[in-house]
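Fold and geometry: a report
Each chain is listed here by its residues.
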Amino acid sequence: QRAKTPFITFVLGGPGSGKGTQCMKIVENFGFTHLSAGELLRREIASNSADGIMILNTIKEGKIVPSELTIKLIQKEMELSDNYKFLIDGFPRSEDNRKAFEQIFGAEPDVVLFFDCPEDEMVKRVLNRNQGRVDDNIDTIKKRLKVFTALNLPVVNHYLEKGKLYKINGVGTVDEIYKQVHPVFSSFHF
Ligand code: UP5
Ligand code: MG
């Protein structure tokens, strides 16, 4: 049984905008549990689960996995954790993702971080990453950028209108960017 109601942060931004990198620093400083939706999906592929091949093909095309599947993986991790502070990284990626999560979970996020980064910088970072991700090639990156603009920016705008969005300038060194992120969380009393 969790001691407190969950504190949910959605971490949004384009491919290579620095979501995962900044999440590691938030974890160190504020004790969040980091759930990367993309990592959970890659874990499903690696585990040869029934959905693995479908997920792999979706990721190769830079498309979005069906909401219910991603939400199931996120919820499972939340239930396994005894923490109440969660960073949900790279989700929701579409209005469908968002609506499905809010409906199934029965609540909205407390904070939404958005790393705003120009496309040429994001492409450069992703191509330099070299961790063998099937989607880190120029063809898939172009598709990921298109999907981000078409489907993820509406989610960003939704939370902007709700007053929950913290827009961070995603250009600069990791520490320069984190200097903008830290005050977002130090203003909350967990
Ligand atoms: N780096 C980081 N910060 C830097 C800085 N300030 N200066 C210079 N370099 C910097 O960073 C990317 C690279 O840049 C790293 O090498 C890093 O060292 C360097 P990272 O922190 O990894 O950026 P991040 O935003 O996390 O990039 P990522 O590629 O993980 O973002 P995506 O959103 O594209 O990937 P994700 O894993 O979230 O999703 C992958 C795919 O899964 C999606 O395309 C989609 O097909 C699928 N998916 C779903 O279908 N549904 C979901 O809910 C989630 C994913
Ligand atoms: Mg990432």
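Quick caveat: nothing in here was measured; it's all calculated off a predicted structure.

Attention shifts here to the environment of V134. Position of V134 among the secondary structure elements: in the loop between α6 (119-129) and α7 (138-161). V134 gets classed as exposed once you count the C-beta atoms within 10 Å, which come to 12. Once the C-alpha coordinates of V134 and E39 are considered, the two residues, 95 residues apart in sequence, prove to be 13 Å apart. Residues within four places of V134 in sequence aside, it is in contact with L56, I59 and K60.

Okay, the UniProt feature "binding site: ATP" (unreviewed entry) in the protein next. Listed under "binding site: ATP" (unreviewed entry) in the UniProt record, and renumbered for this structure, are G16, S17, G18, K19, G20, T21, R129 and G172. Inspection of the secondary structure assignment puts T21 in helix α1 (residues 19-30). Its place among the elements puts G172 in the loop between β5 (165-169) and α8 (174-186). For G172, a count of 14 C-beta atoms within 10 Å translates into the label partly exposed.

Turning our eyes to something else, we now look at unusual backbone geometry. Cis geometry is adopted by the peptide bond preceding P92, which originates at F91 and carries an omega value of -5 degrees. Mapped onto the elements, P92 comes out in the loop between β3 (85-89) and α5 (95-105). The backbone phi angle of N48 is positive, close to 55 degrees, even though this residue is not glycine. Even without glycine at this site, N130 takes up a positive phi of about 60 degrees. Counting through the fold element by element, N130 comes out in the loop between α6 and α7. Classification of N130 as exposed rests on a count of 8 C-beta atoms within 10 Å.

Here the protein averages 97 in pLDDT, while 98% of its residues score no lower than 70. Overall fold confidence for the complex sits at a pTM of 0.98, while the interface term, ipTM, reaches 0.99.

What follows is about the UniProt feature "binding site: a ribonucleoside 5'-phosphate" (unreviewed entry) in the protein. The UniProt feature table records "binding site: a ribonucleoside 5'-phosphate" (unreviewed entry) at R42, K63, I64, V65, G90, F91, P92, R93, R133 and R144. Here I64 lies in the loop between α3 (52-60) and α4 (67-80). In this view, I64 contacts R93, S94, N97, V147 and L151; residues no more than four positions away in its chain are not counted. Positionally, G90 belongs in the loop between β3 and α5. Contacts of G90, omitting those with residues within four sequence positions, involve K19, S36, A37 and G38.

Calculation rules
- Residues numbered from 1 in each chain as written.
- Chains lettered and ligands numbered in written order.
- Predicted model: local features only at pLDDT ≥ 70, side-chain atom pairs only at ≥ 80, totals over all residues.
- Helix = DSSP H or I, 4+ residues; strand = E, 2+ residues; numbered from the N terminus.
- Buried ≥ 20, exposed ≤ 12 C-beta atoms within 10 Å, placed from the backbone.
- Contact = placed C-beta atoms within 7 Å.
- UniProt positions renumbered as here; feature names shortened; annotations may be inferred.
- pLDDT = per-residue confidence, 0-100.

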